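Below are the chains, spelled out letter by letter.
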Amino acid sequence: MFLSTGHAQFSPSIQDYTLAEYKAGNQNWDVSPAKNGKVYVANSSGLLQYDAMIWKLFQLPNKTTVRSVLAVDDIVYTGSYEEFGYWKKDDFGRLKYHSLSDTILDKISPNEEIWGIVKFKDKIIFRSFLNIYIYDYNSIVQLKSNSILISFSIVQDNLYVSTLTEGVFLLKENTLVPFYFNDLLVDTKIISIDKYDDKLLVMTSLKGSFFLSHGKLIPTRFPVNEKIKLHQLNDFSILRNGQMVFGTIKDGVFLTDNKGNIKFHISKENGLLNNTVLGQSLDLFDNLWLGLDNGIASIKLNSSNYFFNDVSGKLGAVYDVIKYKGVIYIGTNTGLFRLDANDKLEFVEGSQGQVWDLTIIGDVLFCGHNEGTFLVDNNSFTKISSFTGGWTIKKVPERNNTYIQGTYSGLVKFEKIDGVWTTKHFDKAIMPTRFLVFEDPYTAWVAHETKGVYKISFDKDYETIQRVENYQNKGLNSNYNIRVYNIKNNISFKTSEGWQKYEPILDSIIPYKLLNKKLGKDSYIISEDHTNLFALKNKSGFINFKSLSNDDEQLVLSDDFLKNRYIVGYENVSKINDSVSALNLDNGFMIINNTTSSNNGLQKPKIEVVSVGGVPIKLSKITNDEVSFNFNENITVELSSAKSLNHYFEYKISNTDNLWYKVDGNKAEFSSLKDGDYTISFRARGNSGNVSPTRDLHIDVLPPWYRDTFGFLLYAFIIILIVVLFFVMQNKKIAEEQRLIKIKYQKEQEKLLREKTLENEKEIIELKNESLQREIKLKSKQLANNAMALVKKNETLQEIKKDLMVNKEGFNSHYSFKKLLKKLDNSIVLKDEWEVFENNFSQVHDEFFETLKAKHSKLTPKDLKICAYIKMNLSSKEIAPLMNISSRGVETHRYRLKKKLDLENDISVADYLLNLK
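Criteria and cut-off values
Counting restarts for each chain, with residues numbered from 1 along the sequence as it is written. Confidence filtering applies because this is a predicted model: local features only for residues at pLDDT of at least 70, side-chain atom pairs given and counted only at 80 or more, and all residues used for totals across whole chains, interfaces and linings. Side-chain metrics rest on all non-hydrogen atoms present in the structure, leaving aside hydrogens and water. Salt bridge, as used here: a side-chain nitrogen of Lys or Arg that lies within 4 Å of a carboxyl oxygen of Asp or Glu. Only DSSP runs of H or I with at least four residues qualify as helices, and only runs of E with at least two residues qualify as strands; both kinds are numbered from the N terminus onward. Per-residue accessibility, obtained with a 1.4 Å probe over protein chains only, is compared with the maximum for each type, and a residue is labelled buried under 20%, exposed over 50%, and partly exposed between these values. Joining through side-chain atoms within 4.5 Å is the link that ties buried Ala, Val, Leu, Ile, Met, Phe, Trp, Tyr and Cys residues into a set, and such a set is a nonpolar core. Contacts were defined at the residue level, with two residues in contact if any of their heavy atoms lie within 4.5 Å. When DSSP finds two or more bridges between a pair of strands, those strands are recorded as paired. How sure the predictor is of each residue is captured by pLDDT, a score from 0 to 100. For helices, the fitted axis covers only the stretch in contact; all axes are lines through C-alpha atoms, and the angles between them, taken along N-to-C directions, range from 0 to 180 degrees. Between 65 and 115 degrees an angle is taken as roughly perpendicular, under 35 as roughly parallel, over 145 as roughly antiparallel, and anywhere else as oblique. Stacked, tilted and edge-to-face are the three classes applied to pairs of Phe, Tyr and Trp rings, where Trp contributes its six-membered ring and a pair requires centres within 6.5 Å; stacked means planes under 30 degrees apart, edge-to-face means over 60, and tilted covers the rest. Positive charges come from Lys and Arg alone, negative charges from Asp and Glu alone, with His and the N- and C-terminal ends not counted. Given the number of residues in a helix, its expected span is that number minus one, multiplied by 1.5 Å. Each patch is built from residues that are more than 30% exposed by relative accessible area and take part in no salt bridge. Like charges join if they lie within 9 Å; nonpolar side chains (Val, Leu, Ile, Met, Phe, Trp, Tyr) join within 5 Å. Only the protein chains shown count as cover for residues, and the accessible areas themselves come from Shrake-Rupley with a 1.4 Å probe. Charged side chains are reduced to one point each, which is NZ for Lys, CZ for Arg, CG for Asp and CD for Glu.

### Describing the pattern of salt bridges
Side-chain pairs of opposite charge can arise whenever the charged atoms involved come near each other.
Then, number 1: Per the stated rule, a full pass over the model turns up 23 salt bridges.
Then, number 2: Salt-bridge contacts for glutamate 608 lead to lysine 38; the nearest nitrogen and oxygen are separated by 2.7 Å. With glutamate 608 in strand β58 (residues 606–612) and lysine 38 in the loop between β3 (28–33) and β4 (39–43), this pair connects stretches of sequence that are 570 residues apart.
Then, number 3: On the basis of relative accessible area, glutamate 608 is assigned to the buried category, the value being 5%.
Then, number 4: When its relative accessible area of 4% is taken as the criterion, lysine 38 is described as buried.
Then, number 5: Connected through salt bridges with shared partners, the residues Arg399, Lys413, Glu415 and Glu463 form a single ionic network.

### As for the nonpolar core
Then, number 1: Counting 30 residues, the largest nonpolar core has Leu290, Val321, Ile330 and Phe589 as its most contacted members.
Then, number 2: The element that contributes the greatest number of residues to this core is strand β28 (residues 287–292), accounting for three residues.
Then, number 3: Discounting residues that sit within four places of it in the chain, leucine 290 has contacts with Val31, Val253, Leu272, Val277, Gly279, Gln280, Gly295, Ile296, Ala297 and Ile299.

### Things to note about the pairing of strand β33 (residues 336–339)
Then, number 1: Neither face of β33 is exposed, since Leu336 and Arg338 on one face and Phe337 and Leu339 on the opposite face are all buried.
Then, number 2: With three bridges connecting them, strand β32 (residues 327–332) and β33 associate as antiparallel partners. The residue bridging isoleucine 330 from the neighbouring strand is phenylalanine 337, located in β33.
Then, number 3: Hairpin connection, β33 to strand β34 (residues 345–347): the antiparallel pair is bridged by five residues, and aspartate 343 has positive phi, about 60°.

### Topic: unusual backbone geometry
Then, number 1: Positive phi is not limited to glycine here, since aspartate 187 has a value of about 55°.
Then, number 2: Along the chain, aspartate 187 turns up in the loop between β18 (175–180) and β19 (190–196).
Then, number 3: Residue aspartate 187 is classed as exposed on the basis of its relative accessible area, which comes to 57%.
Then, number 4: Positive phi outside glycine occurs at asparagine 378, with the angle close to 55°.
Then, number 5: Considering the arrangement of structural elements, one finds asparagine 378 in the loop between β37 (372–377) and β38 (380–385).

### Topic: the confidence of the model for the protein chain
Predicted coordinates in areas of low pLDDT are best not read in detail.
Then, number 1: In the predicted model, the protein chain carries a mean pLDDT of 87, and 93% of its residues have values of at least 70.
Then, number 2: Of all helices and strands in the protein chain, the one with the weakest mean pLDDT is helix α6 (residues 831–844) (63), whereas β4 scores best (98).
Then, number 3: Every residue in residues 1–8 scores below 50 in pLDDT, and together they form 19 contacts with partners more than four places removed in sequence or on other chains.

### Focus: the packing of helix α8 (residues 861–871) against helix α10 (residues 887–900)
A pair of packed helices is characterised by two quantities: the angle between their axes and the separation of those axes.
Then, number 1: It is at 11 Å that the axes of α8 and α10 come closest, and there the two elements cross at 100°. One element, α8, and the other, α10, form an angle in the roughly perpendicular class. Where α8 approaches α10, its residues Lys862, Asp863, Ile866, Cys867 and Ile870 are matched on the opposing element by Val890, His893, Arg894, Leu897 and Lys900.

### Brief notes about helix α9 (residues 876–883)
Side chains of residues three or four places apart in an α-helix project in the same direction, reflecting 3.6 residues per turn.
Then, number 1: The buried fraction of α9 is high, at six of eight residues.
Then, number 2: Following α9 by one or two positions, asparagine 884 adopts a phi angle in the positive range, close to 60°.

### So, the sheet that holds strand β39 (residues 392–395)
Then, number 1: In space, the four strands of this open sheet follow the order β39-β40-β41-β42, with antiparallel pairing throughout. Strand pairing shows two members of the sheet lacking a second neighbour, β39 and β42 (420–425), which therefore form its edges. Here the strands of the sheet are splayed against their neighbours by 25° on average, with no regard to which way each runs.
Then, number 2: Inspection of the sheet shows β39 paired to strand β40 (residues 402–407) by four bridges, in the antiparallel sense. For threonine 392, the partnering residue across the bridge sits in β40 and is glycine 406.

### Observations regarding the environment of lysine 819
Then, number 1: Structurally, lysine 819 can be placed in helix α5 (residues 814–828).
Then, number 2: Classification of lysine 819 by relative accessible area gives partly exposed; the value is 46%.
Then, number 3: Placed 152 residues apart in sequence, lysine 819 and lysine 667 show a C-alpha to C-alpha distance of 152 Å.

### Section: the sheet that holds strand β15 (residues 149–155)
Then, number 1: Here four strands make up an open sheet; going across it, the order is β15-β16-β17-β18 and the pairing antiparallel. Of all the strands in the sheet, just β15 and β18 have a single pairing partner and so form its edges. Neighbour to neighbour, the strand axes of the sheet diverge by 30° on average, direction disregarded.

### A word on the packing of aromatic side chains
Then, number 1: All chains considered together, the criterion is met by 48 aromatic pairs.
Then, number 2: An angle of 55° between the planes, with centres 5.5 Å apart, marks the rings of tyrosine 135 and tyrosine 137 as tilted.
Then, number 3: On the accessibility criterion, tyrosine 135 (9% relative accessible area) is buried.
Then, number 4: Both rings, one in tyrosine 160 and one in phenylalanine 179, keep their centres 5.0 Å apart while their planes meet at 65°; by these two values the pair is edge-to-face. Here phenylalanine 179 lies in strand β18 and tyrosine 160 lies in strand β16 (residues 158–163), a separation of 19 residues in the sequence.
Then, number 5: Tyrosine 160 sits in the buried class, given a relative accessible area of 6%.
Then, number 6: Given the relative accessible area of 33%, phenylalanine 179 is considered partly exposed.
Then, number 7: Members of the aromatic cluster, joined through ring pairs, are Tyr17, Tyr22, Tyr50, Trp55 and Trp289.

### Points about the side chain of aspartate 235
Then, number 1: Structurally, aspartate 235 is set in strand β23 (residues 233–238).
Then, number 2: Buried charged residue aspartate 235 carries no salt bridge. Nearest counter-charge: lysine 189, at 9.3 Å.
Then, number 3: With sequence-adjacent residues up to four places away left out, aspartate 235 is seen in contact with Ile191, Val245, Phe246, Gly247, Leu278, Gly279 and Gln280.

### Notes on α10
Then, number 1: End to end, α10 covers 20 Å across 14 residues, agreeing with the expected 20 Å (1.5 Å per residue, within 8%).
Then, number 2: Here the buried face of α10 lies against α8, α9 and α11 (909–914).
Then, number 3: The positive-phi residue at the C-terminal boundary of α10 is aspartate 902, with phi of around 55°.

### Focus on a negative patch on the surface
Then, number 1: The grouping of Glu755, Glu759, Glu763, Glu766 and Glu770 at the surface amounts to a negative patch.
Then, number 2: Relative to the assigned elements, glutamate 763 resides in helix α4 (residues 709–806).
Then, number 3: A relative accessible area of 45% means that glutamate 763 is categorised as partly exposed.

### Brief notes about the environment of tyrosine 77
Then, number 1: Summarising the element assignment, tyrosine 77 is placed in strand β8 (residues 75–80).
Then, number 2: Judged by relative accessible area, tyrosine 77 falls into the buried class, the value being 2%.
Then, number 3: Taking the C-alpha atoms as reference points, tyrosine 77 and tryptophan 87, separated by ten residues in sequence, lie 6.2 Å from one another.

Given below as structure tokens:
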């Protein structure tokens, strides 16, 4: 590799986590990665958990600062202010705190804080400045110290306890046994004791590092010693490859080889959030996790890819990087820079302005610049062309010392004649040309930003352009932002629709199936196009390396923070040597080792918590990854894949549309599911497109009660009830109808009977009426007969009276004669006979006299008598004897009666009385 030792400006990949991301306190006192891939951080606000995607904060019951943390299997031990204990998942998958210090409250010293935790011989050891607490999972033993306890370290089967004034002790059988004392270590903060070859390596805060061997304390000669003395060492780690990590209070982290030579210095100047390292720890992949005074950081120490970062802002946006004569040259938007022997930036004088391209031609370095084209040698910067905007320059095939450059104003020829570079501008093709490739020695293809691609034909001497053909209407998918390449002697085009190529036989542009399959429709090449290994940028914003001869990705750069540093549209991976390339970035570049294999393996997602209706359910109830819940409830599944990097989660529901959907964060929520059985598949997808094995969760959405057994039983009951009710009601209706019919029949019978009775009564009445009529007629006849008899009687008596009057003289006694006449007169006008007549008359003619008297109150009894006779339809002649008056007297009386009755002239008394009612 081109890098020498002591790259103070270079650094590994750093991932910073700010307060805004983890949302807790500023200070992070300790870090402990777990075997399952999760990382736990002792924070001033509580315990932080990171699962490679989401930060979670768990607070202690007393809300105090967590000073120390240790993850052992699935249990996380923490130490705090007058408090220590462990965190363990409950039956619902939630992390819950269990206090151990509560069992020994009488032993904890006031204001005591737990600053360290280790696992030693199946015991958990907690350390404060005053005491050691040994927890054997059953009970706690307290060990007191006469000196302040500074640190403890495990080396093989020994636990070394370092004190401030009394040296180093060994913990044996719950007892502190003196191990080593040296006046040099008095009042010295021993950071750690580690194994180094056959010796012990003792690291101190301000006195540097020492070897301890055979009772002798020997200062090491590590070059890093002066740095850690100056900046106060606070934490120390040794990697599996022997390299060492020094975390300091004042100046970040120093990474050295096993001899203490500084390889990297990682500080705020080159990407660290804060220079004060409060705690550090290595995970299973040798990633260094740092707890800082303000923030958290993860550093990929196991990667062979490094960054050059310029936080001063002088560098600007980098467009090209190249190594020329052992020196790294960097072309930026502010000018050309070089790295000196100490990897410090030096500005090349006279190069201010936009640098587009750095190309080595023969033994000369060409610089395509906004102001023209320049030759570069050490610090010299010599212009050889005034044609502005040298984007790209290509050697003409089969011609020595002839090159064609694409510029703002078209194509420019560079040719070296007798050691002198000459230039010529071709007037026939003056469009801006950023992409240029050769098809053969006399044919080139160029891409225009908005007008597609052009085929350029040169004459054999390269003095003129013979023909310029526009191919924008010959099969090209799009005319915008076309990139043109020569890949395996095929003129290839990257468009927004995918890859295409030029087909000479058809003289047309057709789809390029091979590149669409091998490179991907959404990827474009950002490296040289004549090599087998291409650097590609995909639509997700990540860079991968692929070969046409191998379907496997060789390397993937999927760090999220890289996306924010790309020079979008001008990404460029330039070759440094056969195995090393450089990726241009904003304010720096990345050194890439092409031979490094990708570590893109993704872990199958783990189901952490399952909640139904917002309430977590016991994981023990989720047997065989199956869970059931009621209809119309929502289910939330919390996922993790802590050993996966740069990933997100996807899910699909087997019996719906079978498409994969992205999960927002780490929680997938499902609602409005119809009842039935579902299989939900979860997987982690890397930002580069790779996926993990799937985790299936079988769920059974129970039907609503109205479609469940209870509902069906209820329906059956209701149906039976309806049938019974219908039967009862029908019978009742029939009975009612029968009753009504019976009543109707009875009524009809009664009606018929009444009608019959009425008819009979009517007949009886009619018979009675007939009988009465007959009786009336009989009585009328009798009355008439009586009247006639009376008339006859009166006539006879009057005749007798006349005869007597004639023979008056024949009587001897006048008195006797008078007496006889008187008897005759009394017989003629006998009152009793009238009363009999009146009574008979009233029976025949109901209320005749009452009606007549009511209407005509002035009528006299004589008038009433004559009215009765007239009513009987008797003539005046017949009435006269009855009244003992003459016929003319009757007529006179009738006339007067008409006046009394107030009758009209045309109405006779007889008609009136006969019709009187």
